[in-house]
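If you want the building blocks of each chain, they are given just below.
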Amino acid sequence: MKTSTLGSTGVRVTALSFGAAGIGNLYRPISDEAALAVVDAAWDAGIRTFDTAPHYGLGLSERRLGAALRDRPRDMYTVSTKVGRLLEPNPQGGGDDDLAHGFAVSDTHRRVWDFSADGVLRSLEASLERLGLDRVDVALLHDPDDHADQALREAYPALERLRDEGVIGAIGVGMNQCALPARFLRETDIDVVLLAGRYTLLEQQGLAETLPEAAARGRSVIIGGVFNSGLLVAPEPGAMYDYAPAPQSVLDRALRLKAVAGRHGVPLRSAALHFPYGHPAVASVLTGARFAEEVRDTVEQLRQPVPAALWDELRAEGLLTPDTPTPAGMPSEKSP
């Protein structure tokens, strides 16, 4: 599978990255065996970039990902995790689930926001223990929406020191908004932005500021949420968008996208998966999966040719602006 380097670092990522929230029991539980099988399927498909976080299943995602990668050669894969939420024992927990935060796990721990320098170090130390690794390749500031000043003043400098010392390879910020990542690109020396749901076939907010800032500064962007909570997989009444039922206007737009894709013999999810690669700042597209067959389907959709005429018709229909960059070539092809 094609690979790219994040910014000016030596950290390489595959065109397709594996998002490990699903193996942290996102919305519903899966077994340890199913979690292992889905990571194995990603590996067999050529994926070598894996993203996790303490938030995902109160550490379950990190533990399962670490177990699945334990016997793989360490220099053959890239792991990113996140900082900003510390996991602390929950004195009232242990019996209820964590579905209020989206995960079907026992609430034995609670999340505590902490973007201090000490919080960053404690978070990474705990993540390494759960992963069973001696290093992570990428550390991402996770959703610092309401903690921007502390993240810029304390968390980022702590990560910068760790990068300078070679403890981590790259620094980034992971968010589902555009304004704050653009600020990080302007005010810090981050290497990568993980932008979720804001640069997709359905909506291109990232094109106004975040992606141009990254391209101009030689930084990289990883795109998550390309299916907009599943709406671009199956646009139908009741489909989800940004974790809530899609408004009718949004659903209508998704149905128009599906109709155009269908006229070119392309599944909507395939067009959605291909779309972000058209921008030069995009290094990888991050998708999640709970089961091995979902990984195999995603890879198959990435191998599906998407004709240039499809993008042309989307522009003609007003579903893409005339200057929206669109992909050429196949992102699943191996690098030279």
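Numbers given to residues run from 1 along each chain, matching the order in which its sequence is written. It should be noted that, the model being predicted, local features are given only for residues of pLDDT at least 70 and side-chain atom pairs only at 80 or more, the latter also being counted only at that level, while totals for whole chains, interfaces and linings use all residues. Each side-chain value is worked out from all heavy atoms of the structure, with water and hydrogens disregarded.

Enquirer: Before we go on, may I ask you to explain the overall build of the chain in this structure?
Expert: Helix and strand definitions here come from DSSP, where helices need a minimum of 4 consecutive H or I residues and strands a minimum of 2 consecutive E residues; each element is numbered from the N-terminal end. Helix and strand content of the chain: ten helices and 16 strands. In terms of its C-alpha atoms, the chain occupies a principal-axis envelope of roughly 55 × 45 × 40 Å. Per-residue burial for the chain yields a buried fraction of 56% across its 336 residues. Note on contacts: a residue pair is in contact if any heavy atoms of the two residues lie within 4.5 Å. For the chain, restricting intrachain contacts to residue pairs at least 6 apart in sequence, the fraction spanning at least 24 positions comes to 74%. For the chain, the exposed area adds up to about 14,000 Å²; of that, 50% sits on carbon and sulfur atoms. Each charge class in the chain can be summarised by its mean position, and for the 34 positive and 45 negative side chains these summaries are 3 Å apart. Residue exposure (1.4 Å probe, protein chains only): buried if accessible area is under 20% of the type maximum, exposed if over 50%, otherwise partly exposed. Note that accessible areas follow from Shrake-Rupley with a 1.4 Å probe, and for residues the cover is restricted to the protein chains shown. Working convention for charge: Lys and Arg count positive, Asp and Glu count negative, and His plus the chain ends are omitted. Every charge is mapped onto a representative atom, which is NZ of Lys, CZ of Arg, CG of Asp or CD of Glu.

Enquirer: Is there a simple way to think about the packing of aromatic side chains in this case?
Expert: For any pair of aromatic rings, geometry is given as the distance between the ring centres together with the angle between the planes. Two aromatic rings, drawn from Phe, Tyr or Trp (for Trp, its six-membered ring), form a pair once their centres lie within 6.5 Å of each other, and the interplanar angle then sorts them: stacked below 30 degrees, edge-to-face above 60, tilted otherwise. Counting across every chain of the model gives seven aromatic pairs. Taking 6.2 Å as the distance between ring centres and 50° as the angle between the ring planes, the aromatic pair formed by F275 and W311 counts as tilted. You can see F275 sitting in the loop between α8 (268-274) and β16 (282-288) and its partner W311 sitting in helix α10 (residues 308-316), a full 36 residues away along the chain. Side by side, F275 and W311 carry an identical accessibility label, which is buried. These aromatic residues form a ring-pair network of at least three members: F18, W43, F50 and Y77. Criterion for a charge above a ring: Lys NZ or Arg CZ within 6 Å of the ring centre, and within 35 degrees of the ring normal. Geometry around W43 places R48 over its ring, the cationic atom sitting 3.8 Å from the centre.

Enquirer: Teacher, can you tell me more about the environment of A21 here?
Expert: Relative to the helices and strands, A21 is located in the loop between β3 (16-19) and α1 (32-44). Owing to a relative accessible area of 16%, A21 belongs among the buried residues under this scheme. Along the primary structure A21 and S61 are separated by 40 residues, whereas in three dimensions their C-alpha atoms are 6.2 Å apart. Every residue in contact with A21, bar those within four places of it in the chain, is listed here: L26, Y56, S61 and F103.

Enquirer: Whenever I open this one, helix α7 (residues 248-263) confuses me. Can you help?
Expert: Owing to its 3.6 residues per turn, the α-helix brings residues three or four apart onto one side. Its 16 residues place the ends of α7 23 Å apart at the C-alpha level, agreeing with the 22 Å of an ideal helix rising 1.5 Å per residue. For α7, the set of buried residues is V250, L251, A254, L257, V260 and A261. Those residues of α7 hidden inside the fold are in contact with β14 (240-241), α8 and α10. Trailing α7 by a residue or two, G265 shows a phi angle of about 70°, which is positive. Helix span, as expected, comes to 1.5 Å for every residue beyond the first.

Enquirer: What is the right way to read the nonpolar core from this model?
Expert: For soluble globular proteins, nonpolar side chains are generally found buried alongside one another. By convention a nonpolar core is built from buried Ala, Val, Leu, Ile, Met, Phe, Trp, Tyr and Cys residues, the set being connected through side-chain atoms within 4.5 Å. By size, the foremost hydrophobic cluster in this structure holds 91 residues, and its most contacted members are F18, L159 and L201. Those residues in contact with L201, other than ones at most four positions away along the chain, are L232, L257, L268, A271, A272, F275, W311, L314 and L320. Judged by nonpolar contacts, the second largest core, of eleven residues, contains V13, V138, L140 and L286.

Enquirer: Help me understand the packing of α1 against helix α2 (residues 60-69), please; the structure alone is not making it clear to me.
Expert: To characterise two packed helices, one gives the angle between the axes of the helices and the distance between these axes. Relative orientation of the contacting elements α1 and α2 amounts to 55°, with a least axis distance of 9 Å. Relative to α2, the element α1 is oriented oblique. Crossing geometry of α1 relative to α2 is assigned as right-handed. Contacts between α1 and α2 involve D32, A35, L36, V39 and W43 from the first element and R64, L65, A68 and L69 from the second. In terms of residue class, the contact of α1 with α2 is made up of seven nonpolar, no polar and two charged. A fitted line through C-alpha atoms represents every axis, and for helices the fit uses only the stretch in contact; the resulting angles, taken between N-to-C directions, go from 0 to 180 degrees. Working rule for angles: under 35 degrees goes down as roughly parallel, over 145 as roughly antiparallel, 65 to 115 as roughly perpendicular, anything else as oblique. Should the near helix be turned counterclockwise from the far one by less than a right angle, the crossing is left-handed, whereas a clockwise turn marks it as right-handed. Asp, Glu, Lys and Arg are counted as charged, while Ala, Val, Leu, Ile, Met, Phe, Trp, Tyr, Cys and Pro are counted as nonpolar; the rest, among them Gly, fall into the polar class.

Enquirer: Even after reading the chapter, I still don't get helix α4 (residues 148-164), so can you show me in this structure?
Expert: Between its terminal C-alpha atoms α4 stretches 22 Å, which fits the 24 Å expected from 17 residues at 1.5 Å a residue. At A155, α4 shows its largest bend, some 35°, and a proline, P157, comes one to four positions later. Of all the positions in α4, only A148, A151, L152, A155, Y156, A158, L159, L162 and R163 are classed as buried. Looking at the buried positions of α4, the neighbouring elements they touch are β5 (78-83), α3 (117-131), β10 (138-142), β11 (170-175) and α5 (179-187). Just downstream of α4, G166 is the residue with a positive phi angle, here 80°. Bend, in this description, refers to the angle at a residue between axes fitted to the seven residues ending there and the seven starting there.

Enquirer: Looking at this structure, I do not really get the environment of P305. What am I missing?
Expert: Secondary-structure assignment places P305 in the loop between α9 (292-303) and α10. Once the C-alpha coordinates of P305 and I171 are considered, the two residues, 134 residues apart in sequence, prove to be 33 Å apart.

Enquirer: Would you mind going over the pattern of salt bridges with me for this structure?
Expert: Pairing is possible between side chains that carry opposite charge, provided their charged atoms lie close to one another. The term salt bridge refers to a side-chain nitrogen of Lys or Arg lying within 4 Å of a carboxyl oxygen of Asp or Glu. If you walk through the whole model with that rule in mind, you get 28 salt bridges. The closest approach of N and O atoms between E154 and R153, which form a salt bridge, is 3.3 Å. Exposure remark for E154: the relative accessible area of 25% places this residue in the partly exposed category. For R153, a relative accessible area of 55% puts it in the exposed group. In this structure, R198 and E203 form a salt bridge, with 3.1 Å as the shortest nitrogen-oxygen distance. With relative accessibility at 7%, the residue R198 sits in the buried group. Its relative accessible area of 10% is what places E203 among the buried residues. Put simply, E160, R163, D189, D191 and R219 are held in one network by salt bridges that share partners.

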